Amino acid sequence: MRLLAALSGGVDSAVAAALAVEAGHDVTGVHLALSTSPATLRSGSRGCCSKEDARDASRVADVLGIPYYVWDFAEQFRADVVDDFVAEYAAGRTPNPCLRCNERIKFTAVLDRALALGFDAVVTGHHARLEHGVLSRSADAGKDQSYVLAVLTPQQLAGTVLPLGHLTKARVRELAAERGLGVADKPDSHDVCFIADGDTAGFLRSHLGSQPGPVVDALTGAVVGAHDGAYGYTVGQRRGLALSVPAADGRPRYVLSVEPVSRTVTVGPGEALDVHEVRCTRPLLHAPLPASCAVQLRAHGAVHDCVVRQDGDGWRLSLATPARGVAPGQAAVLYDGDRVLASATSA
Amino acid sequence: MLREAVETVTAAVTAALTAAGNASSLHTAGRRARRVVEESREQLAAALGARPSEVVFCGSGTESDNLAVKGIWWARRAADPRRTRILASAVEHHAVLDAVEWLATHEGATVEWLPVDRDGRLHPDVLREAVERDPSDVALVTVMWANNEVGTVQPVRRLAEIAHEHGIPFHSDAVQAVGQLPVDVATSGVDALTLTGHKFGGPLGVGALVLGRDIACVPLLHGGGQERDVRSGTLDTPAVAGLAVAATLAVERQPELHARLSGLRDDLVRRVLTAVPDAVLNGPAGGVDRLPGNAHFSFPGCEGDSLLLLLDARGVEVSTGSACSSGVARPSHVLLAMGAAEDDARSSLRFSLGHTSTTAEVDALLEVLPGVVERARSVPARR
Ligand SMILES: Cc1ncc(COP(=O)(O)O)c(C=O)c1O
């Protein structure tokens, strides 16, 4: 096959490309330039947008002896991922930018471009199994990324090759070292690649400005604190609340809801976060749903047995065990064992 | 480069390597090294119509451009603090462009990017108007000899004359010109001229600034003062020897190369425009106004990097934008300055011909080009 390997500059995509070459495919490497202002060489923090990553990606292509190009998707990334991230927070939801990037950039813009240029599929270093169009969890449960790939349509999955699904991360590093790839011991990238210092609240503040509002106790209705922007809070969050009035029962308070219009952040006891039912929009079915299955409601989150019922255009999930703190905007991914059955967005 | 030229340059580099020593040391090996450098200086000067004392060897074209732009600006401002204005063409290479921008950001220079016409040419009247608005505050004028993207040759001699009428020093980046066009420093009137070895078959990592004896220039690098106190640092003697030999050969063969390449290039242009009727040639139509080996097109509806990938996979090497801007392809400032729309700038591709190019290669290109353009048109556009 003619394959286009997306080389992020990290160890996973490097080994994925190497395995594709070794399997006899005709492989071309591309690095996606996603930042409109590529950071100059940084030492400590790493992100997928830095020049250093572009150089690491090009060295991988050198070692593998494959052609290498840089594709500029900065404008599209800004519009579809960064702006979307900010808008979702502003609307009181909690977006997953990696999922959005997979959905809109890697497996739409890049895949469409690759197919138009005559490639058969795109190869990435995601940790998930994809065999005969069936997506399932990685052999490395701790690194599993099937959750952020479950939003891909069957057509998108048909144009995707994931060579790492049966490997653990440790094994991937060994394979990289055996092949002389310099990225073998490169640290994993942090969560949000376009927030270099990891300060999400600061990033949102710089985009959305100060929007002060009250923090209200759900039990008493009393104002127990103030905030500078409701977008800085996520359902289920406990730390960083800085409440001025201690809770009457002396127990910790959690964010129960975020209401962007009135700028109200409501807090309350942990058990008030327990959810037995989750409503979802944007359902995407990969396989027929059995009578009961399991749902994962956030990246690396717990799995709950559930029953799925149709609810208008969406679904209503009845959970066998309560989930604590379901943030609207996160993906709800349904599994049968390791196999991905469907995905949707929690409302 | 031709095989025999490669052999001659390699022989010069090897000879200098075996004569190795530090050219600024006083012992015998040092004297041998110094002799290599001085002979190279004479040889390079002779090839370019300059005097040996005007040749300042340095590490690259980029260093030479930086030394000229910053060094002359600093010296002119030191002599008269009113002189802070830089007049530069809008199509300069980044080695000049970024040096100028640096002076503007960090040293308080005021910059005027002189507009060019649709072919990328700076009209002498444009320079005259900019100078005569206030000749007393101009620190220097810098205009490249020939453009690295679209091949446009600038009327350097007339531009230099205008600067000289007001006693303003004139620098020209001639990196693309040496070996491709007749370059004679004395008759051109330029006060400072930049060249680099790797553009005419010499070694990588060595360049020179030909700097008039009476042009004050503050060094970028301070130290032993090896090069006329304008540039310090032990020279790479073998590279310097290779540079001088390569320049001599390139200048000797320039007329023949020019005739052969411009013929081949005109053929390529004609055939591309026939095979892809809506392709647009960027830059001058040809003749003496354009580098002989340069052809540059926009292919409407295509993105340059799609074309590049598809041609590369079929054994044809081309470039988008300037080859020096590694990685991300941005619409070229040169095409934008020539009045191209951003989409046309993104849809452009440069074909460079050199010593080894043949009609068979042009045939091979034309065989794949129509199919490649058609496929590139089907690629979804990016924002
Ligand atoms: C017009 C022009 N100026 C300057 C340079 C920079 O020269 P160097 O690569 O030797 O630093 C180049 C490209 O190499 C060029 O094309």
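Asker: Quick question: what am I supposed to make of the overall build of chain A here?
Answerer: Along the backbone of chain A there are 8 helices and 17 strands. Taken over the C-alpha trace, chain A has a radius of gyration of 21 Å; the compact-globule value for 347 residues is 20 Å, and the two agree within 12%. Expressed as lengths along the three principal axes of its C-alpha atoms, the size of chain A is roughly 65 × 50 × 35 Å. The buried share of chain A, taken over its 347 residues, is 52%. Considering only contacts in chain A between residues 6 or more positions apart, those separated by 24 or more positions represent 63%. By element, 51% of the accessible surface of chain A is carried by carbon and sulfur atoms, the whole surface being about 14,700 Å². Within chain A, one finds 33 positive and 38 negative side-chain charges whose respective centroids are separated by 2 Å.

Asker: Would you take a moment to explain unusual backbone geometry for this structure?
Answerer: Excluding glycine, a negative phi dihedral is what most residues carry, and trans is how most peptide bonds are arranged. Residues and elements named next belong to chain A. The phi angle at His132 is positive, at roughly 50°, despite the residue not being glycine. Residue position: His132 is located in the loop between strand S5 (128-131) and strand S6 (134-137). Even without being a glycine, His300 presents a positive backbone phi close to 60°. If you trace the backbone, His300 turns up in the loop between strand S13 (293-296) and strand S14 (303-311). The exposure class of His300 is exposed, given its relative accessible area of 60%.

Asker: Just to check I follow, could you spell out the domain arrangement of chain A for this structure?
Answerer: How big an interface is tends to be reported as the loss of accessible area on association of its parts. The domains assigned to chain A are domain 1 (2-178), domain 2 (210-268) and domain 3 (274-346). Taking only C-alpha atoms into account, the centre of domain 2 of chain A sits 27 Å from that of domain 3 of chain A.

Asker: Would you mind showing me how to read the packing of helix H2 (residues 28-48) of chain B against helix H8 (residues 237-275) of chain B here?
Answerer: When two helices pack together, their arrangement is given by the angle between their axes and by how far apart the axes lie. Residues and elements named next belong to chain B. Where H2 meets H8, the axes come as close as 9 Å, and the angle between the chain directions of the two elements is 25°. Overall, the two elements H2 and H8 adopt an arrangement that is roughly parallel. In terms of crossing hand, the pair formed by H2 and H8 is left-handed. Residues Ala33, Val36, Val37, Ser40, Gln43, Leu44 and Ala47 of H2 form the contact with H8, whose own contacting residues are Thr237, Val240, Ala241, Leu243, Ala244, Val245, Ala247, Thr248 and Val251. Here the contact of H2 with H8 is built from residues that sort into 12 nonpolar, 4 polar and no charged.

Asker: Looking at this model, I keep getting lost on the site of the ligand. Mind explaining?
Answerer: All names here are of chain B. The immediate surroundings of the ligand are formed by 14 residues, with Gly61, Thr62, Asp173, Gln176 and Thr196 found nearest. The separation between an oxygen atom of the ligand and a polar side-chain atom of His198 is 3.0 Å. Burial of the ligand by the protein chains amounts to 91% of its free accessible area of 390 Å².

Asker: Please explain the confidence of the model for chain B as it appears in this structure.
Answerer: The predicted coordinates of low-pLDDT regions are not to be read in fine detail. Residues with a pLDDT of 70 or more make up 96% of chain B, whose mean pLDDT is 93. Both confidence scores are given for the complex: pTM 0.87, ipTM 0.82.

Asker: What's the story with the interface of chain A and chain B in this structure? I'm lost.
Answerer: On the chain B side, the residues contacting the 20 residues of chain A number 18 residues. Overall, the association of chain A and chain B removes approximately 1,700 Å² of surface from exposure, summing both partners, and the carbon and sulfur fraction of that is 55%. Our count for the chain A to chain B interface comes out at 2 salt bridges. The interface formed by chain A and chain B holds 5 residue pairs in polar contact (both at pLDDT 80 or more) in total. In terms of residue class, the side of chain A that touches chain B is made up of 10 nonpolar, 5 polar and 5 charged.

Asker: Explanation requested: the nonpolar core in the structure shown.
Answerer: The nonpolar side chains of a soluble globular protein tend to be buried with one another. Residue and element names in this part refer to chain B. Leu44, Phe57, Val141, Trp145, Phe170, Leu193 and Leu195 are the most contacted members of the largest nonpolar core, which has 63 residues in total. Ranked by residues supplied to this core, first place goes to H8 with 9 residues. Here this core gathers at least three residues from each of two domains, domain 1 (3-250) and domain 2 (254-377). Residues contacting Phe170, with those up to four places away along its chain left out, are Val141, Val143, Val156, Leu159, Ala160, Ala163, His164, Val190, Asp191 and Ala192.

Asker: Looking at this model, I keep getting lost on the sheet that holds strand S10 (residues 348-352) of chain B. Mind explaining?
Answerer: Read across the open sheet, the 3 strands follow the order S8-S9-S10 (chain B); overall the sheet is antiparallel. Across the chains shown, the open sheet's two edge strands, defined by having one partner strand only, are strand S8 (280-281) and S10 of chain B.

Asker: I keep staring at the packing of helix H9 (residues 304-313) of chain B against helix H12 (residues 359-377) of chain B and nothing clicks. Help me out?
Answerer: All names here are of chain B. At a minimum axis distance of 10 Å, the contact between H9 and H12 shows a crossing angle of 135°. Considering the angle they form, H9 stands oblique to H12. Crossing angle aside, the handedness with which H9 passes H12 is right-handed. Contacts between H9 and H12 involve Ser306, Leu307, Leu310 and Leu311 from the first element and Leu365, Val368, Leu369, Val372, Val373, Arg375 and Ala376 from the second. Along the lines of polarity and charge, the residues of the contact of H9 with H12 split into 9 nonpolar, 1 polar and 1 charged.

Rules and cut-offs
- Residues numbered from 1 in each chain as written.
- Chains lettered and ligands numbered in written order.
- Predicted model: local features only at pLDDT ≥ 70, side-chain atom pairs only at ≥ 80, totals over all residues.
- Heavy atoms only, no water.
- Helix = DSSP H or I, 4+ residues; strand = E, 2+ residues; numbered from the N terminus.
- Rg over C-alpha atoms; globule rule 2.2 N^0.38 Å.
- Buried < 20%, exposed > 50% of the residue type's maximum accessible area, 1.4 Å probe, protein only.
- Contact = heavy atoms within 4.5 Å.
- Areas by Shrake-Rupley, 256 points an atom, 1.4 Å probe, with all protein chains shown as cover.
- Lys, Arg positive; Asp, Glu negative; His and termini not counted.
- Charge placed at Lys NZ, Arg CZ, Asp CG, Glu CD.
- Domains from an automatic or database assignment.
- Axes fitted to C-alpha atoms, helices over the stretch in contact; angles between N-to-C directions.
- Parallel < 35°, antiparallel > 145°, perpendicular 65-115°, else oblique.
- Left-handed = near helix turned anticlockwise from the far one by under 90°.
- Nonpolar A, V, L, I, M, F, W, Y, C, P; charged D, E, K, R; others polar.
- Near = heavy atom within 4 Å.
- Polar contact = N/O pair within 3.5 Å; in protein donor to acceptor, adjacent residues only side chain to side chain.
- pLDDT = per-residue confidence, 0-100.
- Buried area = accessible area lost by both parts, 1.4 Å probe.
- Salt bridge = Lys/Arg side-chain N within 4 Å of Asp/Glu carboxyl O.
- Core = buried A, V, L, I, M, F, W, Y, C linked by side-chain atoms within 4.5 Å.
- Pairing = 2+ DSSP bridges.

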